[in-house]
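Read off the chains here:
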Amino acid sequence: PNQIIWLNLTGSGNETAAHVLENGRMTLMWCAMEGKPLILRAYGKAKAIHPVDLGYEELAAHLPDWPGARRSLYGIQGRSNYLGGGCKKKRAGFD
């Protein structure tokens, strides 16, 4: 599968919508906080999907009903890759 549905939550501003509108691209990254260093990056073309758009209800049915969720989804088609080995573990705090 090369598709991701992303649900935008409040508190992050509306930067996602602005960037997708500007250039149609989106990148998502996740990193491991324990164990081996690992980063997953998913990137590709994105499209904002709103409640008035055809197919919104079908896509929204795959996601939990989060409090504070914006009613906009992003359909992303593209690639992903794994990166690892270059992340250093650091203690929180000041040295």
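Residues numbered from 1 in each chain as written. Predicted model: local features only at pLDDT ≥ 70, side-chain atom pairs only at ≥ 80, totals over all residues. Heavy atoms only, no water.

Peer 1: Got a sec to walk through the overall build of the protein chain? Specific residues and values, please.
Peer 2: Of the regular secondary structure elements, the protein chain holds two helices and four strands. Helices and strands appear in the protein chain in the N-to-C order β-α-β-β-α-β. Burial statistics for the protein chain: of 95 residues in total, 19% are counted as buried. Partitioning the intrachain contacts of the protein chain with sequence separation of at least 6 by distance along the chain shows that 66% fall at a separation of at least 24. (Helix = DSSP H or I, 4+ residues; strand = E, 2+ residues; numbered from the N terminus. Buried < 20%, exposed > 50% of the residue type's maximum accessible area, 1.4 Å probe, protein only. Contact = heavy atoms within 4.5 Å.)

Peer 1: Before we move on, can you summarise the environment of Trp-66 with the specific residues and values?
Peer 2: Summarising the element assignment, Trp-66 is placed in the loop between helix H2 (56–60) and strand E4 (69–83). For Trp-66 and Leu-7, which are 59 residues apart along the polypeptide, the C-alpha to C-alpha distance reads 9.2 Å.

Peer 1: Lay out the environment of Thr-16 with the relevant residues and their values.
Peer 2: Residue placement: Thr-16 occurs in helix H1 (residues 15–23). For the pair Thr-16 and Met-26, spaced 10 residues apart in sequence, the C-alpha to C-alpha distance is 8.0 Å. Once residues within four sequence positions are removed from consideration, Thr-16 is found in contact with Asn-8, Met-26 and Tyr-74.

Peer 1: So what about the environment of Ile-4? Which residues, and what values?
Peer 2: Tracing the backbone through its elements, the reader meets Ile-4 in strand E1 (residues 3–9). What makes Ile-4 partly exposed here is its relative accessible area of 26%. Those residues in contact with Ile-4 that sit more than four places away from it in its chain are Leu-28, Ala-42, Tyr-74, Gly-75 and Ile-76.

Peer 1: Go over the confidence of the model for the protein chain with me, naming the residues and quoting the values.
Peer 2: For the protein chain, per-residue confidence averages 79 on the pLDDT scale, and residues scoring 70 or more make up 80% of the total. Per-element confidence in the protein chain is highest for H2, whose mean pLDDT is 88, and lowest for E4, whose mean pLDDT is 74. (pLDDT = per-residue confidence, 0-100.)

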